[in-house]
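# Descriptive analysis of the structure
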Amino acid sequence: MADSTILYGAPMSLFTGKVRAYLRKQHIPFDERMPGSARCIEQVFPAIKRRVVPVVELPDGRLIQDSVDIIDHFDAQATRRFSIYPSAPKQRLAALILDLFGSEGLFKVAMHFRWSFPEGNQAFLQREFGDHIVPGADQAMVLSIAEAGMEPMRKYLPLMGVNAESAALIEAQYDEVLALLNEHFAKHPYLFGGLPCVADYGLLAPLYAHCGRDPYPSAIMKSKAQRVYRWLERMQAPDRDMPEFDDYQELLFPEDGIPDTVCRLLALVGRDFLPELEQTVAVVNRHLEAAPNDISGRCVTAKPHIKMLDTMQYNFRGALLDGMVVPYRLYMLQRITDYFAQLSAAEQDRMVSFYRPLGLAPLLTMKACRRVEREHHIEVWGHAQ
């Protein structure tokens, strides 16, 4: 049992950055430990049935794995400073959509800029991965063991459709996202005004750990989008950290408002990520149609540590890309569709009217044949829907 909350994660971990920033901003005391620490290897990983971070160990010994579940646990506590979930429906749906896009839709951007430019990133990543595996090791040992953690990550690139032909498209998407966010953060400290919400944390995941820390993409961000880099710093700070905005109020935009910059970012999600999600649902449904009826409670993939159910192809910026079918994305998609489903008929009509011109109306109701749930730290098939 721990004396205080422990975060098992690493500086270079995409999803650890999301949780770490949340804990800091909410003033929740915690101690961060590397995945290579003895307790994590000997007790935590066996308990959650896979070697994955982030994991939080609460003072009473309970373990919570997955950035969504960790943040939701603390956000439900009365002691939190503020909720990161907007209460107004249009903002709530937009925030959940951007959380999904940041956490999953920009994953190939993050992986491309980390692994496709070894001349800029290699030395930095060797130290990062060495510390991840064996904290405190000397330089000679770090270099010898880092490759054991790095090579499996590189192997994801072809599965994600990251190659010489798609590189220009992926880089163009990154440039467009940076330009939109830089324009927005020149006027506002966070995506929805004066407080960070779940959308900020979703986008922080790839833009901090990979694109904001790794040398090659970080240099691009600092040269092209200084306001985005400042937002990364602000998201890591426990206080306001927005002196450039003078007396900007720590409130979300009033009257369910969403500025034009965020609307344009949402339209990009509709163009770039919706086809990938639609194909994910289609392939998952084909698997479910061929599956036995008694699969409720079973792991959604062959084994808990495997993310991918199958491969697929989908349209991305006019090209046909290879991709991974990741059932976990349905777990996040359900947050959008569940919220939309509980709105009144009048509110649903209002949401569809707003999101249809952005190309996102299908996302409000898109479902697989079965739910994806989490039981005992792993994703399992839920009931039919």
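Please refer to the structure placed before this passage.
As a starting point, this report considers the structure included with it. (Residues numbered from 1 in each chain as written. Predicted model: local features only at pLDDT ≥ 70, side-chain atom pairs only at ≥ 80, totals over all residues. Heavy atoms only, no water.)

### Thoughts on the overall build of the protein chain
Stated formally: Each helix is a run of DSSP H or I of at least 4 residues and each strand a run of E of at least 2, with the numbering of both proceeding from the N terminus. The globule rule is 2.2 Å times the number of residues to the power 0.38, and the radius of gyration it is compared with is taken over C-alpha atoms. In this scheme, a residue with accessible area under 20% of its type's maximum is buried, one over 50% is exposed, and one in between is partly exposed, where area comes from a 1.4 Å probe on protein chains only. Two residues qualify as a contact provided that any one of their heavy atoms is within 4.5 Å of a heavy atom in the partner residue.
In terms of helices and strands, the protein chain carries 16 helices and 8 strands. At 20 Å, the protein chain has a C-alpha radius of gyration in line with the 21 Å of a compact globule built from 385 residues. In terms of its C-alpha atoms, the protein chain occupies a principal-axis envelope of roughly 60 × 60 × 50 Å. Here the protein chain holds 385 residues, and 57% of them are scored as buried. The long-range share in the protein chain, meaning contacts at least 24 apart out of those at least 6 apart in sequence, stands at 72%.

### Looking at the nonpolar core
Side chains that are nonpolar tend, in soluble globular proteins, to be buried together. Where we set the bar: Side-chain atoms within 4.5 Å are what join buried Ala, Val, Leu, Ile, Met, Phe, Trp, Tyr and Cys residues into a set we call a nonpolar core.
Core analysis: the largest hydrophobic core is formed by 121 residues, its most contacted members being Phe192, Trp231 and Tyr355. Within the second largest apolar cluster, 9 residues are counted, among which are Tyr8, Cys40, Phe45 and Ile48.

### Here we look at helix α6 (residues 118-133)
Owing to its 3.6 residues per turn, the α-helix aligns residues three or four sequence positions apart on the same side. Cut-off, in case you're wondering: Bend, in this description, refers to the angle at a residue between axes fitted to the seven residues ending there and the seven starting there.
Remark: the principal bend of α6, roughly 30°, maps to Phe124. Among the residues of α6, Asn121, Leu125, Gln126, Glu128, Phe129, Gly130 and His132 are the ones counted as buried. Summarising the contacts, the buried residues of α6 are in contact with α5 (107-115), α7 (139-154) and α11 (215-224).

### A word on the environment of Ile295
With respect to the element layout, Ile295 can be found in the loop between α14 (274-290) and β5 (310-316). Assessed through its relative accessible area of 4%, Ile295 is described here as buried. Here the alpha-carbon distance between Ile295 and Arg370, two residues 75 residues apart in the chain, equals 9.9 Å. In this view, Ile295 contacts Leu288, Arg370 and Trp381; residues no more than four positions away in its chain are not counted.

### A short note on the packing of aromatic side chains
Quick reminder of the rule: Planes of paired rings set the category: under 30 degrees apart is stacked, over 60 is edge-to-face and the rest tilted, where pairs are Phe, Tyr or Trp rings (Trp by its six-membered ring) whose centres lie within 6.5 Å.
Counted according to the given criterion, the structure contains 11 aromatic pairs. Aromatic side chains Phe245 and Tyr248 sit 5.9 Å apart centroid to centroid with 80° between the ring planes, which places their arrangement in the edge-to-face category. Exposure remark for Phe245: the relative accessible area of 11% places this residue in the buried category. Centroid distance Tyr328 to Tyr331: 5.7 Å. Interplanar angle 40°. Geometry classified as tilted. Here Tyr328 and its partner Tyr331 are both found in helix α15 (residues 328-341), 3 residues apart, which amounts to about one turn of the helix. Across the pair, Tyr331 and Tyr328 agree in class, each one buried.

### Details of the environment of His383
Within the fold, His383 resides in strand β8 (residues 378-384). Sequence-distant contacts of His383, defined by excluding residues within four places in its chain, comprise Cys369, Arg370 and Arg371.

### Some points on the sheet that holds strand β4 (residues 63-65)
How we decide: We treat two strands as partners when DSSP finds at least two bridges between them. Only the stretch in contact is used when a helix axis is fitted, and all axes are lines through C-alpha atoms; the angle between N-to-C directions ranges over 0 to 180 degrees.
Reading across the sheet, the 4 strands line up as β2-β1-β3-β4 and stay open at both edges, with mixed pairing between neighbours. Among the strands making up the open sheet, the edge pair consists of β2 (31-33) and β4. For this sheet the average axis-to-axis angle between neighbouring strands, irrespective of direction, equals 20°. Two strands pair when backbone bridges link them, and strand β1 (residues 6-8) and strand β3 (residues 55-57) are joined in this way by 3 bridges, in the antiparallel orientation. Of the residues in β3, the one forming a bridge with Tyr8 is Val55. Most of the contacts of helix α1 (residues 14-25) go to β1, to which it runs at about 160°, and overall it touches β1 and β2.

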